[in-house]
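Chains, contacts and geometry: an overview
Single-letter residue listing:
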Amino acid sequence: SKPYARLVEEIQAGFGRTFARLPGIFGVSRQTLYNWRNGETPKPVHQEKLVQLAAAAREFTAAKFEPSALMLERTVTQGKSFLT
């Protein structure tokens, strides 16, 4: 079983086109994100954020909602956006 690969697939499905923004959120290269999708285990510092984003992505998918980059970058609370 490759749990993080599954999480990245869920994130990709739920975030759609905004998936391209995620390497910057994690501070990793696009290749690293694809390595995770292919079964590489992310460093512990990234694992909890993957779990959280996958949970959000499942909600987006269930609601048939595709977030835009603008929505994800808008400040939500305490100067932070959805992704930061």
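In short, a report on the structure. (Residues numbered from 1 in each chain as written. Predicted model: local features only at pLDDT ≥ 70, side-chain atom pairs only at ≥ 80, totals over all residues. Heavy atoms only, no water.)

Applying the stated criterion across every chain, the model contains four aromatic pairs. Here Phe 15 and Phe 60 contribute two aromatic rings whose centre-to-centre distance is 5.3 Å and whose plane-to-plane angle is 70 degrees, an arrangement assigned as edge-to-face. Of this pair, Phe 15 sits in helix α1 (residues 3-15) while Phe 60 is found in helix α4 (residues 44-62), placing the two residues 45 residues apart along the sequence. When its relative accessible area of 0% is taken as the criterion, Phe 15 is described as buried. Judged by relative accessible area, Phe 60 falls into the buried class, the value being 13%. Aromatic pair Phe 26 and Trp 36: ring centres 5.3 Å apart, planes at 85 degrees, arrangement edge-to-face. With Phe 26 in helix α2 (residues 22-26) and Trp 36 in helix α3 (residues 30-37), this pair connects stretches of sequence that are ten residues apart. Trp 36 matches Phe 26 in its accessibility class, with the two residues each being buried. Among the aromatic residues, those joined into a cluster by ring pairs are Phe 15, Phe 60 and Phe 65. (Phe/Tyr/Trp six-rings, centres within 6.5 Å; stacked < 30°, edge-to-face > 60°. Helix = DSSP H or I, 4+ residues; strand = E, 2+ residues; numbered from the N terminus. Buried < 20%, exposed > 50% of the residue type's maximum accessible area, 1.4 Å probe, protein only.)

With that settled, consider the environment of Glu 59. The topology assignment puts Glu 59 in helix α4. The spatial distance from the C-alpha of Glu 59 to the C-alpha of Leu 7 is 13 Å, given a sequence separation of 52 residues.

On to the pattern of salt bridges, then. Summed over the entire model, instances satisfying the criterion amount to three salt bridges. Its salt-bridge partner being Arg 58, residue Glu 10 comes within 2.4 Å of it at the nearest N-O pair. One end of the pair, Glu 10, is in helix α1; the other, Arg 58, is in helix α4, with 48 residues separating them in the sequence. Judged by relative accessible area, Glu 10 falls into the partly exposed class, the value being 23%. Between Glu 73 and Arg 21 there is a salt bridge; the shortest N-O distance is 2.4 Å. Here Arg 21 lies in the loop between α1 and α2 and Glu 73 lies in helix α5 (residues 69-73), a separation of 52 residues in the sequence. Here Glu 73 falls in the partly exposed class, since its relative accessible area comes to 44%. (Salt bridge = Lys/Arg side-chain N within 4 Å of Asp/Glu carboxyl O.)

Glancing now at the packing of α1 against α3. Pairs of packed helices are described in terms of their axes, by the angle between the two and the distance that separates them. Put simply, α1 and α3 touch, their axes get as near as 7 Å, and they point 120 degrees apart. Judged by residue contacts, Tyr 4, Ala 5, Val 8, Glu 9 and Gln 12 of α1 engage Leu 33, Tyr 34, Trp 36 and Arg 37 from α3. (Axes fitted to C-alpha atoms, helices over the stretch in contact; angles between N-to-C directions. Contact = heavy atoms within 4.5 Å.)

Glancing now at the packing of α1 against α4. It is at 8 Å that the axes of α1 and α4 come closest, and there the two elements cross at 45 degrees. As the angle between them shows, α1 and α4 are arranged oblique. As α1 packs across α4, the resulting crossing turns out to be left-handed. Within the contact between the two elements, α1 uses Tyr 4, Leu 7, Val 8, Glu 10, Ile 11, Ala 13, Gly 14 and Phe 15 and α4 uses Gln 47, Leu 50, Val 51, Leu 53, Ala 54, Ala 57, Arg 58, Phe 60 and Thr 61. The residue inventory of the contact of α1 with α4, partitioned by class, reads twelve nonpolar, three polar and two charged. (Parallel < 35°, antiparallel > 145°, perpendicular 65-115°, else oblique. Left-handed = near helix turned anticlockwise from the far one by under 90°. Nonpolar A, V, L, I, M, F, W, Y, C, P; charged D, E, K, R; others polar.)

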